[in-house]
Amino acid sequence: MLVATVMTASLVSIAHTTSRIIDAQRAQFAADAVAIDCVLTNSISVQQPAQQIATQNHAEILELDSVRGRCAVVVKSHSVARRAVAVSSSGFDLPTLQR
């Protein structure tokens, strides 16, 4: 009986950890994509496409901030939130994610 309880608890723990890892990956991917898209369009008016990117990754945008070639975004997937910041020193270079 004790072995079955321990095995069940272990399986539940593994399933929960796996779910959080997947949520973290989805949130980070969506945050990175939204931040880069925001810098490429050079505008915070990317709310609709940004929300579409987040929704496709089972996430939601909590915060989106854009100031002169720098865009910061916080995205949440279930209980996991991730942040991404993309910068561009001029309009012609490739945006870079900051970590």
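The following paragraphs examine the structure supplied in this document. Predicted, not measured: the structure shown is a model, and the values here were computed from it.

## Points about the state of the cysteines
Part 1 of the reasoning: One pass over the structure, following the stated rule, counts one disulfide.
Part 2 of the reasoning: Residue pairing for Cys38: its cysteine sulfur links by disulfide to Cys71, the two sulfurs lying 2.3 Å apart. Measuring handedness by torsion sign, the sulfur bridge of Cys38 and Cys71 sits at about 90° and is right-handed. Of this pair, Cys38 sits in helix H1 (residues 2-41) while Cys71 sits in strand S2 (residues 70-77), placing them 33 residues apart in sequence. Comparing Cys38 with Cys71 shows no difference in burial state: the two are buried.

## Here we look at unusual backbone geometry
Part 1 of the reasoning: One non-glycine residue, His58, lies in the positive phi region at around 55°.
Part 2 of the reasoning: Position of His58 among the secondary structure elements: in the loop between helix H2 (47-56) and strand S1 (60-67).
Part 3 of the reasoning: Given a relative accessible area of 48%, His58 falls into the partly exposed group.
Part 4 of the reasoning: Located in the positive-phi region is His78, a residue other than glycine, with phi close to 55°.
Part 5 of the reasoning: Residue class for His78 comes out exposed when judged on its relative accessible area of 55%.

## Focus: the pairing of S2
Part 1 of the reasoning: Most of S2 sits inside the fold, with six of its eight residues counted as buried.
Part 2 of the reasoning: Relative to S2, S1 is paired through seven bridges, and the arrangement is antiparallel. By the bridge assignment, Glu60 is partnered in S2 with Lys76.
Part 3 of the reasoning: Taking the residues between adjacent antiparallel strands as the criterion, S1 and S2 are bridged by two residues, where Arg68 takes a positive phi near 30°.
Part 4 of the reasoning: Note: S2 against strand S3 (residues 80-87), eight bridges, orientation antiparallel. By the bridge assignment, Ser77 is partnered in S3 with Val80.
Part 5 of the reasoning: Turn length for the S2-S3 hairpin, with the two strands adjacent in sequence and antiparallel, is two residues, and the turn residue His78 shows positive phi of about 55°.

Rules behind the numbers
- Residues numbered from 1 in each chain as written.
- Predicted model: local features only at pLDDT ≥ 70, side-chain atom pairs only at ≥ 80, totals over all residues.
- Heavy atoms only, no water.
- Disulfide = S-S within 2.5 Å.
- Helix = DSSP H or I, 4+ residues; strand = E, 2+ residues; numbered from the N terminus.
- Buried < 20%, exposed > 50% of the residue type's maximum accessible area, 1.4 Å probe, protein only.
- Pairing = 2+ DSSP bridges.

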